[in-house]
Amino acid sequence: MKKILSVVLMLLVAVCVFAQRPPERVKNEIEEDSHSQHIYINKHKVTMRPGENITLEADAFDYMGRITWKSSNSHVAYVDHGKVYARDCGECRIYASIPGASEYCEVIVTRDNYRHHHDYKLTLNDDKVVVGRGEIFHLQLYVNGSAEDNDITYSTDDSRVATIDRYGVITGRGIGTTTITVKYGNKEVTCDVRVIRNRR
């Protein structure tokens with residue numbers, strides 16, 4: 001009788017211990033969730049032309065280690081610490097990775113001129129510029145997110161306040177405000193320029 005009671009007690013203890021332990025699959029899921037990582041890239045698709053370069057930025061949130069960059073086809077575009085260089089026509093993906101997570105930006109390299117299409121978007125590196133007299137500021141035009149330096153027309157509403165050359169360099173001339181117009185293809189964008197007294 002004592003042997004039967006001992007066996008029963010041992011079985012009860014074993015059942016209680018097993019019930020308190022989570023199944024291995026659940027345990028693994030809990031461990032994965034507690035160590036999951038996330039990464040974000042500021043651009044998910046860009047169109048470039050051979051010879052152009054852009055800089056991608058990645059945010060790994062709480063991860064403090066090194067972000068690894070890689071191109072799926074370095075003959076089309078290669079990447080160095082987030083800076084992407086277009087080499088030849090084609091498509092590839094630029095990956096930013098950390099242990100446990102990765103994200104990519106799709107890169108299309110083409111020789112097409114954007115101004116022959118109607119779905120391109122113009123942006124500037126700044127649309128409100130403040131400079132002193134004699135100071136300069138380089139205005140950069142972006143077409144669909146890629147830097148563009150060719151086939152651009154610049155003009156200023158008041159050259160006594162500020163001028164801009166064919167390279168996009170604004171020079172403050174006299175105190176006041178004016179508007180710089182940047183034309184590319186059949187579209188244009190503007191930049192408000194304010195010239196102030198020289199800062200000391």
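As the structure is a prediction and not an experimental result, all values here were calculated from the model.

Quick notes on the rules
- Residues numbered from 1 in each chain as written.
- Predicted model: local features only at pLDDT ≥ 70, side-chain atom pairs only at ≥ 80, totals over all residues.
- Heavy atoms only, no water.
- Helix = DSSP H or I, 4+ residues; strand = E, 2+ residues; numbered from the N terminus.
- Buried < 20%, exposed > 50% of the residue type's maximum accessible area, 1.4 Å probe, protein only.
- Contact = heavy atoms within 4.5 Å.
- Pairing = 2+ DSSP bridges.
- Axes fitted to C-alpha atoms, helices over the stretch in contact; angles between N-to-C directions.
- Phe/Tyr/Trp six-rings, centres within 6.5 Å; stacked < 30°, edge-to-face > 60°.
- Lys NZ or Arg CZ within 6 Å of the ring centre and 35° of its normal.
- pLDDT = per-residue confidence, 0-100.
- Salt bridge = Lys/Arg side-chain N within 4 Å of Asp/Glu carboxyl O.

Before going further, it helps to spend a moment on the overall build of the protein. The helix and strand inventory of the protein stands at two helices and 19 strands. Going through the 200 residues of the protein one by one, you find that 32% of them count as buried. Taking the intrachain contacts of the protein between residues at least 6 apart in sequence as the baseline, contacts between residues at least 24 apart amount to 53%.

The strand order across the open sheet formed by three strands is β3-β7-β6, and the pairing between neighbours is antiparallel. Looking at strand neighbours, the two that pair on one side only are β3 (53-55) and β6 (77-80), the edges of this open sheet. Direction aside, the axes of adjacent strands within the sheet are offset by 20° on average. Sheet analysis places β3 next to strand β7 (residues 83-86), joined by three bridges and oriented antiparallel. Directly across from Ile54, in β7, lies its bridge partner Val84.

This part takes up the packing of aromatic side chains. Here the distance between the centres and the angle between the planes together describe a pair of aromatic rings. Enumeration according to the criterion identifies three aromatic pairs in this entry. On the numbers, 4.9 Å between centres and 15° between planes, the contact of Tyr78 with Tyr85 is stacked. In this structure Tyr78 comes out as partly exposed when scored by relative accessible area, which is 33%. Since its relative accessible area comes to 25%, Tyr85 is described here as partly exposed. Between the aromatic rings of Tyr95 and Tyr104, the centroid separation amounts to 5.7 Å while the plane-to-plane angle is 55°, which identifies the pairing as tilted. Of the residues examined, Tyr95 reaches a relative accessible area of 26% and is grouped as partly exposed. Lying across the ring of Tyr104, Arg93 places its NZ or CZ 3.9 Å from the centre. A cation over an aromatic ring shows up here: Lys187 above the ring of Tyr120, its NZ or CZ 4.6 Å from the ring centre.

Turning to the confidence of the model for the protein, a few remarks are in order. Summing up the model confidence of the protein, the mean pLDDT is 83 and the portion of residues at 70 or higher is 78%. Residue range residues 25-35 is modelled with pLDDT below 50. Its contacts to residues more than four positions away, or to other chains, number one contact.

Strand pairing within a sheet occurs via backbone hydrogen bonds; the two strands may be parallel or antiparallel. Pairing is mixed across the open sheet formed by four strands, whose spatial order is β11-β19-β18-β15. Each edge of the open sheet is held by one strand with a lone partner, namely β11 (128-132) and β15 (152-156). Each adjacent strand pair in this sheet contributes to an overall mean axis angle of 25°, direction not counted. Where β15 meets strand β18 (residues 176-184), five bridges bridge the pair, whose relative direction is antiparallel. Residue pairing in the sheet places Thr156 in a bridge with Ile180 of β18.

On to the environment of Thr177, then. Tracing the sequence through the fold places Thr177 in strand β18. Considered as a pair, Thr177 and Asp192 are 15 residues apart in the sequence and their alpha carbons are 7.3 Å apart. Excluding anything up to four places from it in sequence, Thr177 contacts Val161, Val193 and Arg194.

Note that side chains of opposite charge can pair when their charged atoms are close. Under the counting rule described, the total for this entry stands at five salt bridges. The salt bridge involving Arg49 is made with Glu148; its shortest N-O contact spans 2.2 Å. Taken together, the positions of Arg49 in the loop between β2 (45-48) and β3 and Glu148 in strand β14 (residues 146-148) put the pair 99 residues apart, joining distant regions of the chain. Here Glu188 ties to Lys183 by a salt bridge, and the two come within 4.0 Å at their closest N and O atoms. Several salt bridges share partner residues, and in doing so they unite Arg49, Glu52 and Glu148 into one network.

As paired elements, β2 and strand β9 (residues 101-109) share four bridges and run parallel to each other. Bridging from a neighbouring strand, Thr47 pairs with Ile108 of β9. Two elements, strand β8 (residues 90-98) and β9, share nine bridges in a ladder whose sense is antiparallel. Bridge pairing links Ile94 to Cys105 in β9. Hairpin connection from β8 to β9: two residues lie between these consecutive antiparallel strands, with Gly100 at a positive phi of about 95°.

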